[in-house]
Amino acid sequence: MIVLENVVKSYPNGVGAINGISLNIKRGEFVFIVGDSGSGKSTLIKLLLKELEPTEGRIRVNGVNLARMRKRAIPKYRRKIGCVFQDFRLLKDRNVYENVAFAQRVIVTPTKEIKKNVPAMLSLVGLAEKYKSYPRQLSGGEQQRVALARALVNSPDILLADEPTGNLDPKTSREIMKLLEEINARGTTVLVVTHDQDIVNTLKRRVIRLQKGIIVGDERESGYIG
Amino acid sequence: MRLSTIGYCLQQGFKNIWRNKLFSLASMATMAACIFMFGIFFCIVENFQHIVKEVEEGVAITVFFDQDTSESEIQEVAEEISIRDEVRQVVIVSADEAWKFYQTVYFKEAPELAEGFKEDNPLANSANLEIYMTDVAVQQDLVDYIESMDHIRKINRSDVLADMLTGFNRLVSYVSVAIIGLLLAVSVFLISNTVAIGISVRKEEIAIMRLIGAKNSFIKAPFLIEGAVIGVIGSAIPLGILYYLYNRMILYVAVKFGMLTEILKFLQVNELFRTLLPIGMALGIGIGFFGSVFTAQRHLKV
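Because the structure is a prediction, the values reported are computed rather than measured. (Residues numbered from 1 in each chain as written. Chains lettered and ligands numbered in written order. Predicted model: local features only at pLDDT ≥ 70, side-chain atom pairs only at ≥ 80, totals over all residues.)

### Looking at the overall build of chain B
Moving on, step 1. For chain B, the helix and strand inventory stands at 10 helices and four strands.
Moving on, step 2. Mapped from its N terminus to its C terminus, chain B presents α and β elements in the order α-α-β-α-β-α-α-β-α-β-α-α-α-α.
Moving on, step 3. The contacts of chain B with a sequence gap of at least 6 include a subset with a gap of at least 24, amounting to 88%. (Helix = DSSP H or I, 4+ residues; strand = E, 2+ residues; numbered from the N terminus. Contact = placed C-beta atoms within 7 Å.)

Okay, here's the thing in structure tokens:
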């Protein structure tokens, strides 16, 4: 599903964020990407979202070579990738329902379908009751659930989660990870970038370890080695 | 694009204006000032051209013929001239008509003096053509053409008036175009700034839209609507004010300077607005729309 072949990404100032990564992630896998700050985790996410272009190497997602993708095709490609971030990135002036519906409006989904899909997704993340609340009225965990609902409402093939529990307490973090597991069980490929040792150790999934832009470990059912 | 998407983009466009109230108001005010100035210059130029045209219609070239030119030959010359594009009307003045006109002007006080000539017309060789033109600017061309014709003895024309009117008309047009151009550039700049600020305010939302997979057109649409709405409001207000003020001004001139109305024949407000309204609105909407298109193009690159 996701194939990286000798990918290098250097920034114009000469700093190399990714220094030759090759990996293969299969459809339906649940993968943790761990590493210290500056190890290249976020750059990897940006490369997969085609926000950045690799300096060298090839990235294939769903059989498509991203280097050959035309600019016009990028929005359609991104619709198949859901994203959640540490800072949730919700629209503060819109309520829970509108935040999730926003993802559907953006891809021009008919209103009738939006009215059906959004409540279903809010039920999945356990926020059906709070559809009228605004982000400021929600806890961190609830905001991350809204972000998850927004990422999933368009039924993506891949879910990229960049430090999804970074701003949450351990109990809420576990709840969010449980949700991610449920989503993965439905067939979505999940990539989680994290620092959270406990979660990685508890879930026992594939762990790809990055250091200074290269892969220093790729183990199945591994734990976090800090 | 779906109807619901159009509705959504429209809603977002209006929300942008509301969120960005101060800058939107500043843009509308500048746009209004520009369209108002444009309207004033338009009124001046249109009225001036109208007055010039009225004067031009009264300016005639008079063509006199050689001695013994027959009436049928004069008729032939008249027909040949009248088919030219720049000629509006050709009036044949016979020798008798010329003499009658002369009598009414010069022997009005002592008609008995004219009696002395009895049947002997002293202006027997003064049959002439009065030629009225559609555009006095090409008078010289017409005179050259007539001079090359047979039977022509003399041509009287009013060069000075024609040249003065044409020159002044051109000057007013050039100055207006320059000032209007400058004002429009200021409007585009301000609209562009307003939209750029709107884009920076909604930076986060735009970033989320991109990640979710919004097409560029979907991201841009609310900003284009914002620009067009600023254009509509910014042009409708000054045009309304101009309509009211122009009417009042015509009435004021008619009441206070009654004798001037014979010389200064102003266009009626409805006649003027038949052109000014669509031009003003198109200008406002166009500046708003294209100002935001360029800005969105620059600030919203994928």
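### Points about the overall build of chain A
Moving on, step 1. A count of helices and strands for chain A gives seven helices and 10 strands.
Moving on, step 2. Counting across all 226 residues of chain A, residues that qualify as buried make up 43%.
Moving on, step 3. Here the contacts in chain A between residues at least 6 apart in sequence split such that 68% fall between residues at least 24 apart. (Buried ≥ 20, exposed ≤ 12 C-beta atoms within 10 Å, placed from the backbone.)

### Considerations on the sheet that holds strand β8 (residues 189–194) of chain A
All names here are of chain A.
Moving on, step 1. Here we have six strands laid out as an open sheet, ordered β6-β7-β8-β3-β9-β10, and mixed in their pairing. Each of the sheet's edge strands pairs with one partner strand only, and the pair in question is β6 (81–85) and β10 (214–219). Each neighbouring strand pair of the sheet contributes to a mean axis angle of 15 degrees, computed without reference to strand direction.
Moving on, step 2. Strand direction decides the pairing type here: strand β3 (residues 30–35) and β8, joined by five bridges, are parallel. In the sheet register, V34 faces β8, and the bridge partner there is T194.
Moving on, step 3. Lying over the sheet, helix α6 (residues 170–185) contacts β3, β7 (158–162) and β8, oriented at roughly 155 degrees with respect to β8. (Pairing = 2+ DSSP bridges. Axes fitted to C-alpha atoms, helices over the stretch in contact; angles between N-to-C directions.)

### Some words on the sheet that holds strand β2 (residues 87–93) of chain B
Residues and elements named next belong to chain B.
Moving on, step 1. Read from one edge of the open sheet, four strands run β2-β3-β1-β4, paired in antiparallel fashion. Only two strands of the sheet have a single partner each, and these edge strands are β2 and β4 (152–156). Between one strand axis and the next, the sheet turns by 20 degrees as a mean value, whatever way the strands run.
Moving on, step 2. In the packing of helix α3 (residues 71–82) onto the sheet, contacts are made with β1 (60–65), β2 and β3 (128–133), and the angle to β2 comes to roughly 170 degrees.
Moving on, step 3. Along the sheet face, helix α6 (residues 139–147) touches β1, β3 and β4 and points at about 165 degrees away from the line of β4.

### Some details on the nonpolar core
Moving on, step 1. Within the largest apolar cluster, 105 residues are counted, with the highest numbers of intra-cluster contacts made by I33, V100, A149, L160 and A161 of chain A.
Moving on, step 2. The element contributing the most residues to this core is helix α9 (residues 216–256) of chain B, with 12 residues.
Moving on, step 3. One finds I61, V63, I131 and M133 of chain B within the second-largest nonpolar core, a separate group that totals nine residues. (Core = buried A, V, L, I, M, F, W, Y, C linked by C-beta atoms within 7 Å.)

### A closer look at the packing of helix α3 (residues 96–106) of chain A against helix α4 (residues 111–124) of chain A
All names here are of chain A.
Moving on, step 1. Contact geometry for α3 and α4: axes closest at 10 Å, N-to-C directions at 125 degrees. Overall, the two elements α3 and α4 adopt an arrangement that is oblique. Crossing hand, α3 versus α4: right-handed. Seen from α3, the contacting residues are V96, Y97, V100, A101, Q104 and R105; seen from α4, they are I114, N117, V118, M121 and L122.
Moving on, step 2. Residues that form the contact of α3 with α4 fall into these classes: eight nonpolar, two polar and one charged. (Parallel < 35°, antiparallel > 145°, perpendicular 65-115°, else oblique. Left-handed = near helix turned anticlockwise from the far one by under 90°. Nonpolar A, V, L, I, M, F, W, Y, C, P; charged D, E, K, R; others polar.)

### A few points about the interface of chain B and chain A
Moving on, step 1. Tallying the contact residues gives 15 residues for chain B and 17 residues for chain A.
Moving on, step 2. Of the residues in the side of chain B that touches chain A, the class split is eight nonpolar, three polar and four charged.

### A look at the pairing of β3 of chain B
Residue and element names in this part refer to chain B.
Moving on, step 1. Where β1 lies against β3, five bridges are found, and the strand directions are antiparallel. Residue A60 lies in a different strand from β3, and its bridge partner there is Y132.
Moving on, step 2. Two strands pair when backbone bridges link them, and β2 and β3 are joined in this way by six bridges, in the antiparallel orientation. Note on β3: the bridge partner recorded for Q89 is Y132.

### What to know about α4 of chain A
Working note: α-helix, 3.6 residues per turn, so residues spaced by three or four point in the same direction.
Residue and element names in this part refer to chain A.
Moving on, step 1. When the terminal C-alpha atoms of α4 are compared, their 20 Å separation across 14 residues agrees well with the 20 Å that a helix rising 1.5 Å per residue should span.
Moving on, step 2. When α4 is considered as a whole, its buried residues turn out to be N117, V118, M121 and L122. Across the axial projection of α4, the buried residues extend over an arc of 130 degrees, all falling on one side. Away from its buried face, by an angle of more than 90 degrees, α4 presents the exposed residues K112, K115, K116 and A120.
Moving on, step 3. Lining the buried residues of α4 we find α3 and α5 (140–152). (Expected span 1.5 Å × (residues − 1). Arc of directions from axis to C-beta.)

### What to know about the packing of α3 of chain A against α5 of chain A
Residues and elements named next belong to chain A.
Moving on, step 1. Their axes nearest at 7 Å, the elements α3 and α5 cross at an angle of 30 degrees. The pairing of α3 with α5 is recorded here as roughly parallel in orientation. The hand of the α3/α5 crossing is right-handed. Along the contact surface, α3 presents V96, N99, V100, F102 and A103, while α5 presents V146, A149 and R150.
Moving on, step 2. The residue inventory of the contact of α3 with α5, partitioned by class, reads six nonpolar, one polar and one charged.

### Observations concerning helix α10 (residues 269–299) of chain B
Residues and elements named next belong to chain B.
Moving on, step 1. For α10, built from 31 residues, the straight-helix expectation of 45 Å at 1.5 Å per residue is met to within 8% by its first-to-last C-alpha distance of 42 Å.
Moving on, step 2. Bending of α10 peaks at approximately 30 degrees at the position of T275, with proline P278 no more than four residues after it.
Moving on, step 3. For α10, every residue scored as buried is listed here: L272, L276, G280, L283, G284, I287, G288, F289, G291, S292, T295 and A296. (Bend = angle between axes of the 7 residues up to and from the residue.)

### Overview of the environment of R202 of chain B
All names here are of chain B.
Moving on, step 1. Counting through the fold element by element, R202 comes out in the loop between α7 (159–201) and α8 (203–212).
Moving on, step 2. A count of 21 C-beta atoms within 10 Å places R202 in the buried class.
Moving on, step 3. Residues R202 and N16, spaced 186 residues apart in sequence, show a C-alpha to C-alpha distance of 8.8 Å.

### With respect to the confidence of the model for chain B
Residue and element names in this part refer to chain B.
Moving on, step 1. The predicted model of chain B averages 81 in pLDDT, with 87% of residues at 70 or higher.
Moving on, step 2. When the elements of chain B are averaged for pLDDT, helix α5 (residues 111–115) gives the smallest value, 67, and α9 the largest, 89.
Moving on, step 3. Taken over the whole predicted complex, pTM reads 0.66, whereas the ipTM for its chain interfaces reads 0.80. (pLDDT = per-residue confidence, 0-100.)

### Considering unusual backbone geometry
Residue and element names in this part refer to chain A.
Moving on, step 1. Even without a glycine there, the phi angle at V108 is positive, about 60 degrees.
Moving on, step 2. Among the secondary structure elements, V108 is positioned in the loop between α3 and α4.
Moving on, step 3. Residue E163 is not a glycine yet carries a positive backbone phi of 50 degrees.
Moving on, step 4. With respect to the helices and strands, E163 occurs in the loop between β7 and α6.
Moving on, step 5. What makes E163 partly exposed here is the crowd of 19 C-beta atoms within 10 Å.

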